[in-house]
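Per-entry structural report
So you can see what is in the structure, the chains are spelled out below.
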Amino acid sequence: TTLDLYRMFYYQIKIQGITMGNDKEFGQMVDLVSKHQIVPFIDSIRPFSEIISAFDDIRSGKQFGKIVIKF
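These numbers were taken from a predicted model, which means no experiment stands behind them.

This paragraph deals with helix α2 (residues 23-36). Between its first and last C-alpha atoms α2 spans 20 Å; for 14 residues at 1.5 Å apiece the expected length is 20 Å, and the two agree. For α2, the capping residue at the N-terminal end is Asn22, with a side-chain oxygen 3.1 Å from the backbone nitrogen of Lys24. Backbone geometry just after α2 places Gln37 at a positive phi near 50°.

So, on to the side chain of Ser44. As for its position among the elements, Ser44 is in strand β1 (residues 42-47). Judged by relative accessible area, Ser44 falls into the buried class, the value being 16%. Within the structure, the side chain of Ser44 is placed 3.3 Å from the side chain of Asp43, a separation counted as a polar contact. A polar contact is formed between the side chain of Ser44 and the side chain of Arg46, at a distance of 2.9 Å.

Further remarks concern a nonpolar patch on the surface. Together, Tyr6, Tyr10 and Tyr11 give the surface a local cluster of nonpolar side chains, amounting to about 440 Å² of exposed area. Counting through the fold element by element, Tyr11 comes out in the loop between α1 (5-10) and α2.

We now examine the packing of aromatic side chains. Across all of its chains, the model carries four aromatic pairs by this definition. With a centroid separation of 5.0 Å and 85° between ring planes, the pair formed by Tyr10 and Tyr11 is classed as edge-to-face. Like Tyr11, Tyr10 is exposed. For the pair Phe41 and Phe64, a centre-to-centre distance of 5.3 Å together with 65° between the ring planes defines the contact as edge-to-face. Of this pair, Phe41 sits in the loop between α2 and β1 while Phe64 sits in the loop between α3 (51-60) and β2 (66-70), and the two are 23 residues apart along the sequence. Here Phe41 matches Phe64 in class, with each residue exposed.

Thresholds applied
Numbering of residues begins from 1 in every chain and follows the order in which that chain's sequence is written. Local features in this predicted model are restricted to residues of pLDDT 70 or higher, and side-chain atom pairs are both shown and tallied only at a pLDDT of 80 or more, whereas totals for entire chains, interfaces and linings draw on every residue. To get the side-chain values, take all heavy atoms of the structure and skip hydrogens and water. Helix and strand assignments come from DSSP, with helices taken as H or I runs of at least 4 residues and strands as E runs of at least 2, each series counted from the N terminus. Helix span, expected: 1.5 Å multiplied by one less than the number of residues in the helix. Polar contacts, as counted here, are pairs of nitrogen or oxygen atoms within 3.5 Å of one another; within protein the pair requires one atom able to donate a hydrogen and one able to accept it, and residues that are adjacent in sequence qualify only if both atoms are side-chain atoms. Think of it in three bands: residues with accessible area under 20% of the maximum for their type are buried, residues over 50% are exposed, and the middle band is partly exposed, with areas taken using a 1.4 Å probe on protein chains only. Here a patch means residues that are over 30% exposed by relative accessible area and free of salt bridges, tied together within 9 Å if like-charged and within 5 Å if nonpolar (Val, Leu, Ile, Met, Phe, Trp, Tyr). The Shrake-Rupley method, run with a 1.4 Å probe sphere, supplies the accessible areas, and residue values consider only the shown protein chains as cover. When a carboxyl oxygen of Asp or Glu is within 4 Å of a side-chain nitrogen of Lys or Arg, the pair counts as a salt bridge. Ring pairs shown here join Phe, Tyr and Trp side chains whose ring centres sit within 6.5 Å, with only the six-membered ring taken for Trp; geometry is labelled stacked below 30 degrees between planes, edge-to-face above 60, and tilted in between.

So this is what it looks like as structure tokens:
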């Protein structure tokens, strides 16, 4: 896979991961999601080649729900 580093630098695009909680809390979250059958609303599933348009849609507020990027 290739990234357009020029575009990422020019538009100051950041890719950032986060962690929330510890292993015990993660297990509790998984149990809660399973028990209550919580399912996220997916706006669209797109190939990595469309990631720029996905970010454009997020910025403009066009999407409703999660945008999934497939690698």
